[in-house]
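For reference, the chains in residue letters:
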Amino acid sequence: MSFAPYAAAAWLFVVGLYGVIASSNLVRTVLSLTVVQSATYLVLLGVGYRHGGKAPIVADIPKSSRLVDPVTQVLVLTDVVIEATVLALLLALIVQAQKRFGSIDPARLRALRD
Amino acid sequence: MTRRGRLALFAVAGPGLLAVLVVGLHGLPSFGDFHGVYGLLVDRIEPGQRHATDIVTALNFDLRAFDTLGEEFILFASVTGVALLLRHLRHAEGDLERSRSVADHRFAGASDALRVMSLVLIPLLVALGVYLALHGALTPGGGFQAGIVLAAGPLAILLAGRYLALKRVAPQWALEALDAVGATAYAAIGLGGLIFASAYLENFLPLGTPGELLSAGMMPLNSIAVGLEVTGAFLLTWTEFLDQDVIVGRDEL
Amino acid sequence: MSALQAVALLVVVAGGTAVALTPDPLRQTLLLSIYGLALAILFFVFQAPDVALSEIVVSGVGLPVIVLAALRKLAQDRARRDSEEESSS
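Residues numbered from 1 in each chain as written. Chains lettered and ligands numbered in written order. Predicted model: local features only at pLDDT ≥ 70, side-chain atom pairs only at ≥ 80, totals over all residues.

## Considerations on the overall build of chain C
Of the regular secondary structure elements, chain C holds three helices and zero strands. Moving toward the C terminus, one meets the helices and strands of chain C in the order α-α-α. For 89 residues, the compact-globule estimate of 2.2 N^0.38 gives 12 Å, and chain C exceeds it by more than 25% at 18 Å. The dimensions of chain C, computed from C-alpha atoms along their principal axes, are 65 × 25 × 10 Å. Across the 89 residues that make up chain C, the buried fraction comes to 48%. Across chain C, contacts joining residues at least 24 apart in sequence account for 47% of those joining residues at least 6 apart. (Helix = DSSP H or I, 4+ residues; strand = E, 2+ residues; numbered from the N terminus. Rg over C-alpha atoms; globule rule 2.2 N^0.38 Å. Buried ≥ 20, exposed ≤ 12 C-beta atoms within 10 Å, placed from the backbone. Contact = placed C-beta atoms within 7 Å.)

## A short note on the interface of chain B and chain A
At the interface, 50 residues of chain B touch 43 residues of chain A. When residues of the side of chain B that touches chain A are traced back to their parent elements, those giving at least two are helix H1 (3-25), helix H2 (37-50), helix H3 (55-63), helix H4 (65-93), helix H6 (143-159) and helix H9 (219-246) of chain B. The element best represented in the side of chain B that touches chain A is H4 of chain B, accounting for 11 residues.

## Some remarks on unusual backbone geometry
Residue and element names in this part refer to chain C. Located in the positive-phi region is Gln47, a residue other than glycine, with phi close to 65 degrees. You can see Gln47 is positioned in the loop between helix H2 (25-45) and helix H3 (49-88). What makes Gln47 buried here is the crowd of 23 C-beta atoms within 10 Å.

## Comments concerning the nonpolar core
Grouped together as the largest cluster of nonpolar side chains are 131 residues, with contacts concentrated most on Leu91 of chain A, Ile148 of chain B together with Ile66 of chain C. Excluding anything up to four places from it in sequence, Ile148 of chain B contacts Val81 of chain A, Val230 and Phe234 of chain B together with Val57, Val58, Val61 and Gly62 of chain C. (Core = buried A, V, L, I, M, F, W, Y, C linked by C-beta atoms within 7 Å.)

## Re the environment of Phe66 of chain B
Residues and elements named next belong to chain B. Within the secondary structure, Phe66 is located in helix H4. Residue Phe66 is classed as exposed on the basis of its C-beta count, with 12 C-beta atoms lying within 10 Å. For the pair formed by Phe66 and Ala187, sequence separation is 121 residues and the distance between their alpha carbons is 9.5 Å.

## Focus: the interface of chain B and chain C
Each side of the interface is counted separately: chain B has 20 residues, and chain C has 16 residues. Within the residue set of the side of chain B that touches chain C, elements represented by two or more residues are H3, H6 and H9 of chain B. Among the residues making up the side of chain B that touches chain C, the classes are represented as 12 nonpolar, seven polar and one charged. (Nonpolar A, V, L, I, M, F, W, Y, C, P; charged D, E, K, R; others polar.)

## A few points about the confidence of the model for chain A
On average, residues of chain A score 86 in pLDDT, and 96% of them reach the 70 mark or higher. Per-element confidence in chain A ranges from a low mean pLDDT of 68 for helix H4 (residues 106-113) of chain A to a high of 92 for helix H1 (residues 4-21) of chain A. (pLDDT = per-residue confidence, 0-100.)

## With respect to the environment of Leu236 of chain B
Residues and elements named next belong to chain B. Relative to the helices and strands, Leu236 resides in helix H9. Sequence separation of Leu236 and Asn222 is 14 residues, and the distance between their C-alpha atoms is 21 Å. When neighbours within four sequence positions are excluded, Leu236 is seen to be in contact with Val79, Ala83, Leu175, Glu176 and Asp179.

## Concerning the environment of Ala38 of chain C
Residue and element names in this part refer to chain C. In this fold, Ala38 is placed in helix H2. Distance from Ala38 to Gln5, taken between C-alpha atoms, is 12 Å for residues 33 residues apart in sequence. Filtering out sequence-adjacent residues up to four positions away, Ala38 remains in contact with Val11, Val12 and Gly15.

Written out as structure tokens, the structure is:
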């Protein structure tokens, strides 16, 4: 039971990768990448959790209470926002590919280049 | 490689990857049994040292501010990439921007209900964004969340169907300026640390009492700088993509 | 591991599988929005409110607007190409 978050993360990673590989539309590839990303968030937050720990906001809780690890939360926090813009960059590349080659099917794009 | 070839390869590689991941993740401490030293140390000493009650924001903008500098420049770089790619596309297609009065342009299907809702939403979103940016050091919040909420404010104008009005409120030069000002402000505050304290991005402002708005030294300033940058970045990305759709090559409206 | 965490984890796993296996990009975008909400609830239950806040705003507003605008542009370009082919053939 204590392995559940990591098992879920491994499953999400592989399922997301399947979505990336089995897609015939580049936009589907990009959207399945978010599932792969969320697997990493799960691993990071799972590592930082402590049993009975509270959120790391010390405004109104007693000084000696248990807190969860804040460092992994920092990593996930900035990552969530930055990846949205990186995906925007990927989508801009896809729009370019559609304009130049007329197709966003990965198999057909290969053929068009030859 | 054809799709069938890819799927055949994945049929072998997928379960193998799953097995490797599960075996590898077994090496981690079991869920709930965290005993890393750095995290526990920060939990204990940070409120006394930095007078900030939100430890995650304190890590983001003060203790590990250098990492945030790198991350916000990743954001800057990818927004620059989006702008470059899509503007090049627009120039290649030719300039089809027709002058049209602001009141003429409306999306089909933008009903009155949407317009009233967006009128209600805009001040709420802007107020929430400013609150999150200022109270980053005190409650859950901070620059990144505040930036997107602030960017969603003008986006509600788009919801009301008035895209050209959005372009008047947030013209492109203003968004680029916002993005650049946010990024440079963060780097410049770091220089203040170099000049007045002993290291780059070292906290050099008075720390104040924890729980008040003007506390925790340079954390609110950093938070506001990052918030400005994220707002400019997201609005720039959205209007670049929407410009492609709405202004270039739309004949019937 | 509390019951709330277990349920949230199950919803996240089901949602992620659904997002990865949906064939249509438009449906996938909407599912992604809901998946982001499920992730945010999971983050909240894991005692990470800052992360949950940023996940809600990104997956609710940030990402879908970009993807929907890109999908519109792609459909427009495809329609333009089809009409050009028809008129030339």
